[in-house]
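Residue strings, one per chain:
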Amino acid sequence: MARIISLLNCKCPKCEKGKVFSSKGFVLLGRMPIMNENCPSCQHKFEMETGFFFGAMFVSYAMAVAEAIVVFLIAFNFVKSSILLVLIVAMVILLMGFVNLRYSRMIWMYLFTKKSR
Ligand SMILES: [Zn+2]
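About the thresholds
Residues numbered from 1 in each chain as written. Predicted model: local features only at pLDDT ≥ 70, side-chain atom pairs only at ≥ 80, totals over all residues. Heavy atoms only, no water. Helix = DSSP H or I, 4+ residues; strand = E, 2+ residues; numbered from the N terminus. Contact = heavy atoms within 4.5 Å. Lys, Arg positive; Asp, Glu negative; His and termini not counted. Charge placed at Lys NZ, Arg CZ, Asp CG, Glu CD. Core = buried A, V, L, I, M, F, W, Y, C linked by side-chain atoms within 4.5 Å. Buried < 20%, exposed > 50% of the residue type's maximum accessible area, 1.4 Å probe, protein only. Expected span 1.5 Å × (residues − 1). Donors = N, O, S within 2.8 Å, 3.2 Å for Na, K, Ca; no water. Tetrahedral: all angles 85-135°; square planar, octahedral: opposite > 155°, others 65-115°.

**Q** In this structure, what is going on with the overall build of the protein? I would like to understand it.
**A** Looking only at helices and strands, the protein features three helices and two strands. In sequence order, the protein lays out its α and β elements as α-β-β-α-α. Along the longest, intermediate and shortest principal axes, the C-alpha atoms of the protein span 55 × 30 × 25 Å. Within the protein, contacts between residues separated by at least 24 positions form 60% of all contacts whose residues are at least 6 apart in sequence. When the 14 positive and 5 negative side-chain charges of the protein are each reduced to one mean point, those points stand 8 Å apart.

**Q** I keep staring at the environment of Gly30 and nothing clicks. Help me out?
**A** Here Gly30 is to be found in the loop between β1 (21-23) and β2 (34-35). Gly30 sits 65 residues away from Leu95 along the chain, and the two C-alpha atoms are 9.9 Å apart.

**Q** Whenever I open this one, the nonpolar core confuses me. Can you help?
**A** Judged by nonpolar contacts, the single largest core of 19 residues is most densely connected at Val20, Met35, Phe46, Phe53, Met106 and Met109. Mapped by element, the contributors of at least two residues to this core are α2 (56-75) and α3 (82-112). It is α3 that provides the largest number of residues to this core, a total of five residues. If sequence neighbours within four positions are ignored, Met106 has contacts with Leu7, Cys10, Lys11, Val20 and Phe21.

**Q** It is not clear to me how α2 should be interpreted in this structure. Could you clarify?
**A** Given 3.6 residues per turn, any residue in an α-helix points the same way as the ones three and four places further on. Taking 1.5 Å as the rise per residue, α2 with 20 residues should run 28 Å; its terminal C-alpha atoms sit 28 Å apart, in good agreement. Every buried residue of α2 is accounted for by Ala56, Val59, Met63, Ala64, Glu67, Ala68, Val71 and Ala75. The elements touched by buried residues of α2 are α3.

**Q** What is the right way to read the coordination of the zinc ion from this model?
**A** Six octahedral donors around a metal ideally sit at 90 or 180 degrees from one another, while four tetrahedral donors ideally sit at 109.5 degrees. The protein atoms donating to the zinc ion are Cys12 (SG), Cys15 (SG), Cys39 (SG) and Cys42 (SG), with metal-donor distances spanning 2.2 to 2.4 Å. Considering all four donor atoms around the zinc ion, angles at the metal cover 106 to 112° and the coordination shape is tetrahedral. Look at where the donors of the zinc ion fall in the sequence and you get C-x2-C-x23-C-x2-C. Exposure remark for Cys42: the relative accessible area of 33% places this residue in the partly exposed category.

Below, the structure written as structure tokens:
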């Protein structure tokens, strides 16, 4: 449970103390999240090998599909126009992209990194 809280707080998967992202980014200003190369606390290298975060793309895709389904099911009750429905789902996916980017990388790192004791 503590590990899930560390994941949600974007803490290092190794020591659970250092921050993974130096900037969370801001979707409305188009600022991307900035990731630290190493943990500021234990110096664990987050990108363990070249292309390590390629797999996080699939996690991000799954998150986007899940969000789209939830938004569609909610909006379907209120919106009768199918074009508006598609636009609402597309907007939510775009806005959630920044959150998905951070958490897909966090989930991917937590899957493949054991906590140090
Ligand atoms: Zn660390």
